[in-house]
Amino acid sequence: MQVISMAIHVSRRVAPEGWTAFETDPYLTVSKRRLNQRCLPCLEGLLDQLKKGRREVALGPAWSCWKITVVLPDLDRCWAFLGAFEELFPHEYVCGKLGTSDPRRATRVVVFHLEHATQVDALRPKVKQCAAASGQVRELKVSRGCADPYEYLLGPWPEWQPVTPLRHPERVPAVLERLRALLYGEASG
């Protein structure tokens, strides 16, 4: 039996928000499906709830959205980390993104996208092993949903429930503006 290693493929485009997608599938099939079937509906659902003045948020897809985030000093080290991960774990199927949503930050990140806590439990030791080998990782964290905007509004993710009260309602106007700009390219409205 011949075992074929999998390569990590990278999108040729950098998204306007500053992210570059990566995935084991050369067509980025899971990434594209995730964006269209989970991410956009999730953020649109949050926008709709906030526009309606809800004081609690039904998390919907964010409840089953997990991320392992590796914080690195710069983009070159993100690429090196991803290459090292591919060498250490050539048979591991991965899907994620690298870069930043805030170009003013000095650091950059590699984010692995997962849909189940069991996937987090299986991948986290491998990411930790790669982080230890690289010696460049500033932080390694697990989170649920998108920290921006969900954690920004609801507080730390370990305290969330499928329906979670707004912990920071004063931040709703800023989040509304950011979501409108992200989803529809409009600054206000």
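Residues numbered from 1 in each chain as written. Predicted model: local features only at pLDDT ≥ 70, side-chain atom pairs only at ≥ 80, totals over all residues. Heavy atoms only, no water.

1. Notes on the packing of aromatic side chains
- Applying the stated criterion across every chain, the model contains 5 aromatic pairs.
- With a centroid separation of 5.7 Å and an interplanar angle of 80 degrees, the aromatic rings of Phe22 and Phe112 are classed as edge-to-face. Separated by 90 residues along the polypeptide, Phe22 in strand S2 (residues 19-23) and Phe112 in strand S6 (residues 108-114) bring together distant segments of the chain.
- Residue Phe22 is classed as buried on the basis of its relative accessible area, which comes to 0%.
- The exposure class assigned to Phe112 is buried, which follows from its relative accessible area of 0%.
- Residues Trp66 and Trp157 carry aromatic rings whose centres are separated by 5.3 Å and whose planes lie at 85 degrees to one another, so their mutual orientation is edge-to-face. Here Trp157 lies in the loop between helix H4 (147-154) and strand S8 (163-165) and Trp66 lies in strand S4 (residues 66-72), a separation of 91 residues in the sequence. Accessibility classification places Trp66 together with Trp157 in one group, the buried group.
- Within the aromatic cluster, the residues linked to one another by ring pairs are Phe22, Phe85, Phe89 and Phe112.
- Directly above the ring of Trp19 sits Lys97, whose terminal nitrogen or CZ lies 4.4 Å from the centroid. (Phe/Tyr/Trp six-rings, centres within 6.5 Å; stacked < 30°, edge-to-face > 60°. Helix = DSSP H or I, 4+ residues; strand = E, 2+ residues; numbered from the N terminus. Buried < 20%, exposed > 50% of the residue type's maximum accessible area, 1.4 Å probe, protein only. Lys NZ or Arg CZ within 6 Å of the ring centre and 35° of its normal.)

2. Details of the nonpolar core
- In this structure, Leu50, Phe81, Phe85, Val110, Phe112 and Tyr150 are the most contacted members of the largest nonpolar core, which totals 41 residues.
- Those elements giving two or more residues to this core turn out to be helix H1 (29-51), S4, helix H2 (75-88), S6, helix H3 (117-134), H4 and helix H5 (172-184).
- If near-sequence neighbours (up to four positions away) are discounted, Val110 is found in contact with Phe22, Ile68, Thr69, Val70, Leu72, Cys78, Phe81, Leu82, Lys97 and Leu98. (Core = buried A, V, L, I, M, F, W, Y, C linked by side-chain atoms within 4.5 Å. Contact = heavy atoms within 4.5 Å.)

3. Topic: the sheet that holds strand S7 (residues 139-144)
- In space, the 6 strands of this open sheet follow the order S1-S2-S5-S6-S4-S7, with antiparallel pairing throughout. Looking at the sheet topology across the chains shown, the edges are occupied by strand S1 (9-10) and S7.
- In this structure, strand S5 (residues 95-99) lies alongside S6, joined through 4 bridges in antiparallel fashion. Residue pairing in the sheet places Gly96 in a bridge with Phe112 of S6.
- The sheet contacts of H2 involve S1, S2, S4, S5 and S6, and relative to S6 the element is tilted by about 40 degrees.
- The strands touched by H3 within the sheet are S4, S6 and S7, with S4 carrying the most contacts at an inclination of about 15 degrees. (Pairing = 2+ DSSP bridges. Axes fitted to C-alpha atoms, helices over the stretch in contact; angles between N-to-C directions.)

4. Things to note about the side chain of Thr69
- Positionally, Thr69 belongs in strand S4.
- If sequence neighbours within four positions are ignored, Thr69 has contacts with Val109, Val110, Val111, Glu139, Leu140 and Lys141.

5. Overview of the pattern of salt bridges
- Scanning the model with the defined rule gives 8 salt bridges in all.
- Put simply, Glu115 and Arg34 hold a salt bridge, and the shortest N to O gap is 3.6 Å. Taken as a pair, Glu115 in the loop between S6 and H3 and Arg34 in helix H1 lie far apart in primary sequence, 81 residues in all.
- As a salt-bridge pair, Asp148 and Arg178 come within 2.9 Å of each other at their nearest N and O atoms. Highlighted residues: Asp148 in helix H4 and Arg178 in helix H5, separated in sequence by 30 residues. (Salt bridge = Lys/Arg side-chain N within 4 Å of Asp/Glu carboxyl O.)

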